[in-house]
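Topology and contacts: notes
Each chain, letter by letter, is given below.
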Protein chains: 2
Amino acid sequence: MVDAVPGSAPAEPLAIVCGGGGFPLAVADAAVANGRPVFLIGLSGIADGAIARHPHAWIRLGQFGRMLTRAREAGARDILFVGAARRPADWRDLAPDLGLVKRLPRIAQLFRGGDDHLLSGLSKLIEEAGLRVRGVHEVAPQIMVPRGRLGRVEAEQQNLEEARFGFEVLDALGPYDVGQGLVVVDRRVIAMEAAEGTDAMLARVAELRANGRLRLRGRRGVFVKAEKPGQDLRLDAPALGPSTVRYAIAAGLCGIASRAGTVMVIERENAVALADDAGIFLIGCERG
Amino acid sequence: MVDAVPGSAPAEPLAIVCGGGGFPLAVADAAVANGRPVFLIGLSGIADGAIARHPHAWIRLGQFGRMLTRAREAGARDILFVGAARRPADWRDLAPDLGLVKRLPRIAQLFRGGDDHLLSGLSKLIEEAGLRVRGVHEVAPQIMVPRGRLGRVEAEQQNLEEARFGFEVLDALGPYDVGQGLVVVDRRVIAMEAAEGTDAMLARVAELRANGRLRLRGRRGVFVKAEKPGQDLRLDAPALGPSTVRYAIAAGLCGIASRAGTVMVIERENAVALADDAGIFLIGCERG
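Note that the structure is a prediction, hence the values are computed from the model and not measured. (Residues numbered from 1 in each chain as written. Chains lettered and ligands numbered in written order. Predicted model: local features only at pLDDT ≥ 70, side-chain atom pairs only at ≥ 80, totals over all residues. Heavy atoms only, no water.)

Brief notes about the packing of helix H10 (residues 242-250) of chain B against helix H11 (residues 268-278) of chain B
Packed helix pairs are specified by the crossing angle of their axes together with the interaxial distance, meaning the distance between the axes. Residues and elements named next belong to chain B. Axis separation between H10 and H11 bottoms out at 8 Å; the angle between their running directions is 15°. Considered as vectors, H10 and H11 are oriented roughly parallel to each other. Both H10 and H11 take part in a crossing whose hand is right-handed. For the pair H10 and H11, contact is made by Pro242, Val245, Arg246 and Ile249 and by Asn270, Ala271, Leu274, Ala275 and Ala278, respectively. Within the contact of H10 with H11, the residues separate by chemical class into seven nonpolar, one polar and one charged. (Axes fitted to C-alpha atoms, helices over the stretch in contact; angles between N-to-C directions. Helix = DSSP H or I, 4+ residues; strand = E, 2+ residues; numbered from the N terminus. Parallel < 35°, antiparallel > 145°, perpendicular 65-115°, else oblique. Left-handed = near helix turned anticlockwise from the far one by under 90°. Contact = heavy atoms within 4.5 Å. Nonpolar A, V, L, I, M, F, W, Y, C, P; charged D, E, K, R; others polar.)

Structure (structure tokens):
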């Protein structure tokens, strides 16, 4: 995982294309802590200005060609994408360059089909341009959910069984490129995530309990989150963070169980503090 | 399916325990049309007063023992449960009799675990009391979704492929006693049903499209509904009706694909008229 050892020649930098939020910097700092120099490429208007504390450049959304050029000029052979992506509020913020335009037909094609299809296709486009796409799990494994508990609260036996059942269901859905999350109470799946996303799914559980459609007393159930089997973690690793924890608390769950090593934790310190305060667990479970 | 042939001795009556709505009467009428006499047992305060046009009796919610007695007194050996069930608005409406009370420990036990577990357990309790539990598909097969289209609108090739994909995903979920419905657009599952129920799931799709989280132009996608593999259709056949059609229209879907023979259609005439008016299809698909 660590490309440089003390005393050896510095590894070539890792190019990190930064979307919004504080997470790109956390990943950059972790990579540097692991001995890997970085070169950040910020999406202007989206990435945090604080990325400027590392070697960096700015590009606008749509400058696919410039992104590749900046990474290569910095000497990078590896590139990593991280941070919240969103559609530009104003289409004038979009600055498609030749590198994007000449790939548009293939990109448009990729937008048909599931997420996996889209992302593996984009990753292929980048690799054809001579850069290797890397994932957070490769350059900053300390950011992924570890095995065991993250906070102070232990999962009870009942919750561990609920988690195991949830992982089984997610595995069964694997071939179909569906959701990455669900909520289990006893041996019953009460909510499954699809296009609405994790937060909306957890909000639904809170609502079903509030309106009496789901009658459960006290904290019950587990939010189970995993990568899809065969999912490309380089472009689309599942993630959880403080917002996930807040929604799980509001849904009245006992805790969150994620696959260890494949789910990223955003703002870990905050996430764990929130979970500890509410008395819910955060655990990482290994496969099998 | 039909227990009596013209000229033969009349079959013993089918006892039909009636919950709310017009569906119990539709089932009773269909059974009678098939040559089977009926004896209706209405849940008072819940079942439609119009059930009185058939031989009938009334019981209160909780009168499990009286239900069995009434059915046997009418000479029934078969019993069928149909119609909307709901918790009583006032607990004073509940009149637990000895027949219920002596089974309470086992009933309470059944409430742990998934729906299938609960229903197969209840069905066993009834069969131990000497009555066979029947399903609508057995006594009134004309009420189930037939093979092919129900209304005027044909499904297009793209929609048939979406339906096939949806059925595959539902089959994969079968062993886990999860949902019976999902929405597919292209090869992507955009919503999966769990505790929220069909209507809420379809409402979610409408909302995701309205708020721009799902960007789809025009009518797109199919609501796919099936029984769970191994599901006991006698107590818990999936159903669709006018309300389902209204939600599917609001969600901007192209149509509804159900498993032929295992999904019931409530108020078929209304459901089909709504679908025809909106230009969406209703089809029944055979397995395989």
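Structure shown, so let's carry the discussion forward.
Considerations on the relation of the copies chain A and chain B
Once chain A is rotated about the relating axis by 180° and shifted along it by 0.0 Å, it coincides with chain B to within an RMSD of 0.0 Å. In the structure described here, the two chain copies are related by an operation that fits a two-fold rotation axis. Of all interface residues in chain A, 100% are interface residues in chain B too; the two copies therefore contact each other through one and the same surface. (Least-squares fit on C-alpha atoms with pLDDT ≥ 70 in both.)

What about the environment of Glu227(A)?
Residues and elements named next belong to chain A. Relative to the elements of secondary structure, Glu227 occurs in the loop between strand E9 (222-225) and helix H9 (233-236). Note: C-alpha distance between Glu227 and Ala248 (21 residues apart in sequence) is 19 Å. Ignoring any residue separated from it by four or fewer positions in sequence, one finds Glu227 in contact with Leu233, Pro238, Arg259, Thr262 and Arg287. At a separation of 2.8 Å, a polar atom in the side chain of Glu227 contacts the side chain of Thr262. Polar contacts involving the side chain of Glu227 include one to the side chain of Arg287, which spans 3.1 Å. (Polar contact = N/O pair within 3.5 Å; in protein donor to acceptor, adjacent residues only side chain to side chain.)

Some words on the confidence of the model for chain A
Residue and element names in this part refer to chain A. Scored by pLDDT, chain A comes out at a mean of 89, with 90% of its residues at no less than 70. Per-element averaging of pLDDT across chain A places helix H4 (residues 104-110) at the bottom with 75 and E9 at the top with 98. Across the whole predicted complex the pTM is 0.84, and at the interface the ipTM reaches 0.81. (pLDDT = per-residue confidence, 0-100.)

Re the interface of chain A and chain B
Listed by partner, the interface residues are 26 residues for chain A and 26 residues for chain B. Per-residue buried area on chain A facing chain B is highest for Tyr176(A), Met192(A) and Ala195(A); these three make up 23% of the total on that side. Applying the counting rule to chain A against chain B returns two salt bridges. A salt bridge links Glu196(A) to Arg204(B), with the shortest nitrogen-to-oxygen separation between them at 3.7 Å. At the junction of chain A and chain B, the tally comes to four residue pairs in polar contact (both at pLDDT 80 or more). For the side of chain A that touches chain B, the secondary structure elements donating two or more residues are helix H7 (157-173), strand E8 (188-192) and helix H8 (197-210) of chain A. With six residues, H7(A) is the single largest residue contributor to the side of chain A that touches chain B. A per-class count over the side of chain A that touches chain B returns 14 nonpolar, two polar and ten charged. (Buried area = accessible area lost by both parts, 1.4 Å probe. Salt bridge = Lys/Arg side-chain N within 4 Å of Asp/Glu carboxyl O.)

Description of unusual backbone geometry
All names here are of chain A. Positive phi is not limited to glycine here, since Glu267 has a value of about 45°. In this fold, Glu267 is placed in the loop between strand E12 (264-265) and helix H11 (268-278). Look at Glu267 and you get partly exposed, because its relative accessible area is 46%. (Buried < 20%, exposed > 50% of the residue type's maximum accessible area, 1.4 Å probe, protein only.)

Here's the deal with the sheet that holds strand E5 (residues 132-134) of chain A
Residues and elements named next belong to chain A. Reading across the sheet, the five strands line up as E3-E2-E1-E4-E5 and stay open at both edges, with parallel pairing between neighbours. Single-partner strands in this sheet number two, and they are strand E3 (56-59) and E5. On average, adjacent strands in this sheet sit at an angle of 25° to one another, irrespective of strand direction. Contacts between helix H1 (residues 23-33) and the sheet are confined to strand E1 (14-18), strand E2 (38-43) and strand E4 (78-82), with E2 contributing the most and set at about 170° to the helix. (Pairing = 2+ DSSP bridges.)

Side note on the pattern of salt bridges
Tallying each qualifying case throughout the model produces 38 salt bridges over all chains. Residue Asp78(A) pairs with Arg36(A) through a salt bridge whose shortest N-O separation is 3.0 Å. Taken together, the residues Asp78(A) in strand E4 and Arg36(A) in the loop between H1 and E2 connect sequence positions 42 residues apart. With respect to burial, Asp78(A) and Arg36(A) carry one shared label: buried. A salt bridge links Arg134(B) to Asp78(B); the shortest N-O distance between them is 3.1 Å. You can see Arg134(B) sitting in strand E5 (residues 132-134) and its partner Asp78(B) sitting in strand E4 (residues 78-82), a full 56 residues away along the chain. Linked by salt bridges that have partners in common, Glu12(A), Arg36(A), Arg77(A), Asp78(A), Arg132(A), Arg134(A) and Glu138(A) make up one network.

Description of the sheet that holds E5(B)
Residues and elements named next belong to chain B. The strand order E3-E2-E1-E4-E5 describes an open sheet built from five strands, whose pairing is parallel. Both outer strands of the open sheet, strand E3 (56-59) and E5, are each paired with one neighbouring strand and no more. For this sheet the average axis-to-axis angle between neighbouring strands, irrespective of direction, equals 25°. The pairing of strand E1 (residues 14-18) with E4 spans five bridges and is parallel. Bridge pairing links Cys18 to Val82 in E4. Most of the contacts of helix H1 (residues 23-33) go to strand E2 (residues 38-43), to which it runs at about 170°, and overall it touches E1, E2 and E4.

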